[in-house]
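So the chains spell out like this:
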Amino acid sequence: MKKRTLQQVQTAKQRAERFTRGVLHDEQRGDEIASESVEDYAARKHLTIENPMEVRAMAISRRERELEAANAIQEQMIEQLEEELETLRGAVGEAAALLPDDEDSDDQDDDQDTDDQDSDFEDSDAVEVAVAR
């Protein structure tokens with residue numbers, strides 16, 4: 001049996017109908033071919049219908065659906081991380097507001113604070129870079 005796509009069998013069936021009507025002038029046989037299903041025509045002509053393009057299209061659309069699902073999950077995770085970051089920023093702001101504004105203690109701890117602030121600044125940059133990704 002010869003292998004053909006569904007489109008190829010449909011085209012062959014249409015050509016056979018046109019040939020029967022136009023060249024053979026057999027309207028009755030043309031009507032029979034026209035009313036015959038594509039599958040019946042293929043069986044009568046000993047053709048096997050295969051559609052490799054349809055299978056490939058289904059595989060592509062499956063990959064697209066999986067990619068869309070993965071992107072949706074990624075977007076949800078990013079939104080959750082952004083919400084948690086905002087919560088943490090608010091907590092840091094509240095904690096900073098609770099610190100005493102005593103200038104005397106600031107003068108004594110200036111050398112220590114400078115070192116601590118540098119390391120805190122580097123850590124907050126790392127967090128923001130990680131969240132941005």
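Residues numbered from 1 in each chain as written. Predicted model: local features only at pLDDT ≥ 70, side-chain atom pairs only at ≥ 80, totals over all residues. Heavy atoms only, no water.

Chemist: Account for the side chain of Lys 13, naming residues and giving values.
Modeler: Within the secondary structure layout, Lys 13 lies in helix α1 (residues 6–22). Looking at Lys 13, its side chain comes within polar contact range of the main-chain oxygen of Ile 33, at 3.4 Å. Dropping the residues within four chain positions of it, Lys 13 is found in contact with Ile 33, Ala 34, Glu 36, Ser 37, Val 38 and Tyr 41. (Helix = DSSP H or I, 4+ residues; strand = E, 2+ residues; numbered from the N terminus. Polar contact = N/O pair within 3.5 Å; in protein donor to acceptor, adjacent residues only side chain to side chain. Contact = heavy atoms within 4.5 Å.)

Chemist: Outline the packing of α1 against helix α2 (residues 27–35), supporting the account with residue identities and numerical values.
Modeler: With their axes 8 Å apart at the nearest point, α1 and α2 run at an angle of 170° to one another. Between α1 and α2, the angle is such that the two are roughly antiparallel. Between α1 and α2, the residues in contact are Lys 13, Ala 16, Glu 17, Thr 20 and Arg 21 and Glu 27, Arg 29, Gly 30, Asp 31, Ile 33 and Ala 34, respectively. Taken together, the residues of the contact of α1 with α2 sort by class into three nonpolar, two polar and six charged. (Axes fitted to C-alpha atoms, helices over the stretch in contact; angles between N-to-C directions. Parallel < 35°, antiparallel > 145°, perpendicular 65-115°, else oblique. Nonpolar A, V, L, I, M, F, W, Y, C, P; charged D, E, K, R; others polar.)

Chemist: Hey, could you go over the nonpolar core for me, with residue numbers and the actual values?
Modeler: Counting seven residues, the largest nonpolar core is built from Val 9, Ala 16, Ile 33, Val 38, Tyr 41, Ala 42 and Leu 47. For this core, the secondary structure elements donating two or more residues are α1 and α3 (38–44). Per element, the largest residue contribution to this core is three residues, and it comes from α3. (Core = buried A, V, L, I, M, F, W, Y, C linked by side-chain atoms within 4.5 Å. Buried < 20%, exposed > 50% of the residue type's maximum accessible area, 1.4 Å probe, protein only.)

Chemist: I'd like a description of α1, backed by residues and values.
Modeler: Look at α1: 24 Å from first C-alpha to last across 17 residues, which is about the 24 Å you get at 1.5 Å a residue. When α1 is considered as a whole, its buried residues turn out to be Val 9, Lys 13, Ala 16, Glu 17 and Thr 20. Angular distribution of buried residues about the axis of α1 spans 100°; they occupy a single face of the element. Every exposed residue of α1 that faces more than 90 degrees away from the buried side is listed here: Gln 7, Arg 15 and Arg 18. (Expected span 1.5 Å × (residues − 1). Arc of directions from axis to C-beta.)

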